[in-house]
Amino acid sequence: MRLLHTSDWHLGRSFHRVDMLGAQAAFVAHLVTTAREHAVDAVVVSGDVYDRAVPPLAAVELFDDALHRLADLGVPTVMISGNHDSARRLGVGAGLIGRAGIHLRTEPSACGTPVVLADAFGDVALYGLPYLEPALVKGEFEVAKAGHESVLAAAMERVRADLATRPPGTRSVVLAHAFVTGGEASDSERDITVGGVAAVPAGVFDGVDYVALGHLHGCQTLTERVRYSGSPLPYSFSEAHHRKTMWLVDLDAGGSVTAERLDCPVPRALARLRGTLDDLLADPALTPHEEAWVEATLTDAVRPADPMARLTGRFPHTLSLVFDPERAPDGPEVSYATRLAGRSDQEIAEDFVAHVRGAGPDAREQGVLRDAFDAVRVDDTEREVAR
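Starting from 1, residues in each chain are numbered consecutively following that chain's sequence as written. Only residues with pLDDT of at least 70 are given local features in this predicted model, and only at 80 or more are side-chain atom pairs given and counted; all residues enter the totals for whole chains, interfaces and linings. Computation of side-chain values covers all heavy atoms of the structure but excludes hydrogens and water.

## Some remarks on the packing of helix α1 (residues 21-37) against helix α2 (residues 57-73)
Now for step 1: Lines fitted to C-alpha atoms define the axes, with helix axes restricted to the stretch in contact, and inter-axis angles between N-to-C directions lie between 0 and 180 degrees. The numbering of helices and of strands both runs from the N terminus, where a helix is a DSSP run of H or I of at least 4 residues and a strand a run of E of at least 2. Here α1 crosses α2 at 10°, and the two axes come no closer than 10 Å. If you check the angle between α1 and α2, you find them roughly parallel. Here Leu 21, Gln 24, Ala 25, Val 28, Ala 29, Leu 31, Val 32, Ala 35 and Arg 36 of α1 lie close against α2, whose contacting residues are Ala 58, Ala 59, Leu 62, Ala 66, Arg 69, Leu 70 and Leu 73.
Now for step 2: In terms of residue class, the contact of α1 with α2 is made up of 13 nonpolar, 1 polar and 2 charged. For classification purposes, an angle smaller than 35 degrees is called roughly parallel, one larger than 145 roughly antiparallel, one from 65 to 115 roughly perpendicular, and anything else oblique. Contacts were defined at the residue level, with two residues in contact if any of their heavy atoms lie within 4.5 Å. Ten residues, namely Ala, Val, Leu, Ile, Met, Phe, Trp, Tyr, Cys and Pro, are considered nonpolar, four, namely Asp, Glu, Lys and Arg, are considered charged, and the remaining ones, Gly among them, are considered polar.

## Regarding the sheet that holds strand β7 (residues 115-119)
Now for step 1: Taken together, the 6 strands give an open sheet; going across it, the order is β7-β8-β9-β12-β14-β13, and neighbouring strands pair in mixed fashion. Each edge of the open sheet is held by one strand with a lone partner, namely β7 and β13 (220-223). When the angles between neighbouring strand axes are averaged without regard to direction, this sheet yields 20°.
Now for step 2: Between any two strands, pairing holds if DSSP finds at least two bridges. Of the strand pairs in this sheet, β13 and strand β14 (residues 226-228) are connected by 3 bridges, and their pairing is antiparallel. Residue pairing in the sheet places Thr 221 in a bridge with Arg 227 of β14.
Now for step 3: This element, helix α6 (residues 148-164), spans β8 (122-129) and β9 (171-177) of the sheet and lies at about 160° to β8.

## Description of the packing of aromatic side chains
Now for step 1: Aromatic contacts are taken between Phe, Tyr and Trp rings whose centres are within 6.5 Å, Trp giving its six-membered ring; a plane angle under 30 degrees counts as stacked, one over 60 as edge-to-face, and the others as tilted. All chains considered together, the criterion is met by 4 aromatic pairs.
Now for step 2: Measuring from centroid to centroid gives 5.1 Å for Phe 15 and Phe 237, while their planes differ by 50°, and the two rings are tilted. Of this pair, Phe 15 sits in strand β2 (residues 14-15) while Phe 237 sits in the loop between β14 and β15 (245-251), and the two are 222 residues apart along the sequence.
Now for step 3: Among the residues examined, Phe 237 registers a relative accessible area of 3% and is labelled buried.
Now for step 4: Where Phe 15 meets Trp 293, the ring centres are 5.3 Å apart and the plane angle is 40°; that geometry is what we call tilted. Residue Phe 15 is located in strand β2, and its partner Trp 293 is located in strand β18 (residues 293-298); the two are separated by 278 residues in the primary sequence. With respect to class, Phe 15 is no different from Trp 293; both count as buried.
Now for step 5: Feature note: the residues Phe 15, Phe 237 and Trp 293 constitute an aromatic cluster, connected by ring pairs.
Now for step 6: The side chain of Arg 227 reaches across the aromatic face of Trp 247, ending 4.4 Å from its centre. Residue burial is assigned from relative accessible area. The probe radius is 1.4 Å, only protein chains are included, and a residue is buried under 20% of its type maximum, exposed over 50%, and partly exposed in between. The rule is short: NZ of Lys or CZ of Arg within 6 Å of the ring centre and within 35 degrees of the ring normal puts a charge over the ring.

## A word on the environment of Leu 21
Now for step 1: In this structure, Leu 21 sits in helix α1.
Now for step 2: For the pair Leu 21 and Leu 62, spaced 41 residues apart in sequence, the C-alpha separation works out to 8.3 Å.
Now for step 3: Among residues more than four places away in sequence, those in contact with Leu 21 are Gly 12, Ala 58, Ala 59 and Leu 62.

Okay, structure coming up:
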């Protein structure tokens, strides 16, 4: 059976105020063409179809167009909701849409109920595990403590229990939206840390033939059977080194996996440039980046006059301008943004406590801060779901 694995479309999202809807529409057209030209048996979409719980109308219309195109193609499609999606909104009409071969899996309670497809070698059971917010689903899965690993492990127990009831030789595919240990994050993914832990071990998914992951925006192979497709388009300059692709996955009669990366169309290359303004304007080695979307980091000791206007004279698609003067790392003039770069909310809060009272928080106080950040994030999630 041949699968086309994609995820993290983030329909409705912009890139540094650049409207990406046209690029997203081009990707949808490319997806349909690829499915047809490569004789795909099923398309799997591993979450974050939309960028927001309440997406703009244009994004909903594009999603509707994608559903119609896939249904017209006659290729079964399985989709799950991600942490950016409103599971309830995405799942509206799932029963009716399923009759057209588009299977939306947004209910945690249905984790153990697969979409069953067949090829010449028998059945393939595709299990959709939507993003599982631990605090909201711990009751459903009867776990003692809300955590990503505990709820995913419980969901996978349901998958294995159902798989054990199926005919011998039934192959299995799991779609999941999670941060799995060994994956490389970028700046454009929303933090899903719970209790200080964001990642789950890949071993949680043991016992199935292929795991189609979503959430991280870089295409990655964690094991031969566990892969991220990544997002089809870039959504932060930290993705400048990404090759945006989908996985074309073949499952043979015994469940062995072979996979090939297929490139996605991107509207422009990304470039992260660093140096003094004069150097960036004069360096001939930067000529290949003149038509790219550019993030420029200026290292001038003194902020130059009209830097953006001067930069766009050479790099007309400059979208981000950062100032990082070359000074001593611990010098008194290091910027606040520089000191905070790469630090989590928890670490920043702990630094604040240390600054105010002269000593950092102890283990109990660290737990209080962690619980507070978790509570705020869960509250935000519940508000989005309720909208």
